[in-house]
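Spelled out, the chains give:
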Amino acid sequence: MSQRKDQIVAVEDKLKHVTTVLLKKWAGLSGFYGFKAMEFDEVFALLNTNGWKVTIDDSVSPNRIVELYQGDNRVRREKFAVDEAGRVHKV
């Protein structure tokens, strides 16, 4: 039972890391500065300012969809999936 819980935590950590790297990439492409040394929460807060909005949909357990909006227009969208071995892939 404990091993299964550790695997779930490891997959969540991988998804969070991949999402953090993606948000930092988007921050650079969107013209923000000072994002390289930031953690997930700080980059997420940075991208939710000045008319920008990030949505993270993780309602389906092995998948995660991250979208970046400027106003009402979606600017960027990425989808990640986790395979049976626990690896994260961009779909």
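Up top is the structure.
On a predicted model such as this, the values are computed, not experimentally measured, just so you know.

### Comments concerning the pattern of salt bridges
One pass over the structure, following the stated rule, counts six salt bridges. In this structure, R87 and D83 form a salt bridge, with 3.0 Å as the shortest nitrogen-oxygen distance. You can call R87 partly exposed: its relative accessible area is 49%. Three or more residues joined by partner-sharing salt bridges are found here, namely E12, D58 and R64.

### A few points about the side chain of D83
Counting through the fold element by element, D83 comes out in the loop between β3 (73-82) and β4 (88-90). A polar contact is formed between the side chain of D83 and the backbone nitrogen of A85, at a distance of 3.2 Å. Here R87 takes part through its backbone nitrogen, which lies 2.8 Å from a polar atom of the side chain of D83.

### Side note on the nonpolar core
The biggest cluster of nonpolar side chains holds 17 residues, and the ones touching the most others in it are L23, W26, A27, F32, L47, V54 and V66. For this core, the elements supplying multiple residues, two or more each, are α1 (2-29), α2 (40-46), β1 (52-57), β2 (63-70) and β3. Broken down by element, this core gets its largest block of residues, five residues, from α1.

### Focus on the packing of aromatic side chains
Summed over all chains, the structure comprises two aromatic pairs. Centroid distance F32 to W52: 6.2 Å. Interplanar angle 65°. Geometry classified as edge-to-face. Of this pair, F32 sits in the loop between α1 and α2 while W52 sits in strand β1; the two residues are 20 residues apart in sequence, bridging distant segments of the chain. Summarising the burial analysis for this pair, F32 and W52 share the class buried.

### Regarding the pairing of β1
Pairing geometry for β1 and β2, over six bridges, is antiparallel. Its bridge partner being in β2, T55 is matched across the sheet by E67.

Calculation rules
Residues numbered from 1 in each chain as written. Predicted model: local features only at pLDDT ≥ 70, side-chain atom pairs only at ≥ 80, totals over all residues. Heavy atoms only, no water. Salt bridge = Lys/Arg side-chain N within 4 Å of Asp/Glu carboxyl O. Buried < 20%, exposed > 50% of the residue type's maximum accessible area, 1.4 Å probe, protein only. Helix = DSSP H or I, 4+ residues; strand = E, 2+ residues; numbered from the N terminus. Polar contact = N/O pair within 3.5 Å; in protein donor to acceptor, adjacent residues only side chain to side chain. Core = buried A, V, L, I, M, F, W, Y, C linked by side-chain atoms within 4.5 Å. Phe/Tyr/Trp six-rings, centres within 6.5 Å; stacked < 30°, edge-to-face > 60°. Pairing = 2+ DSSP bridges.

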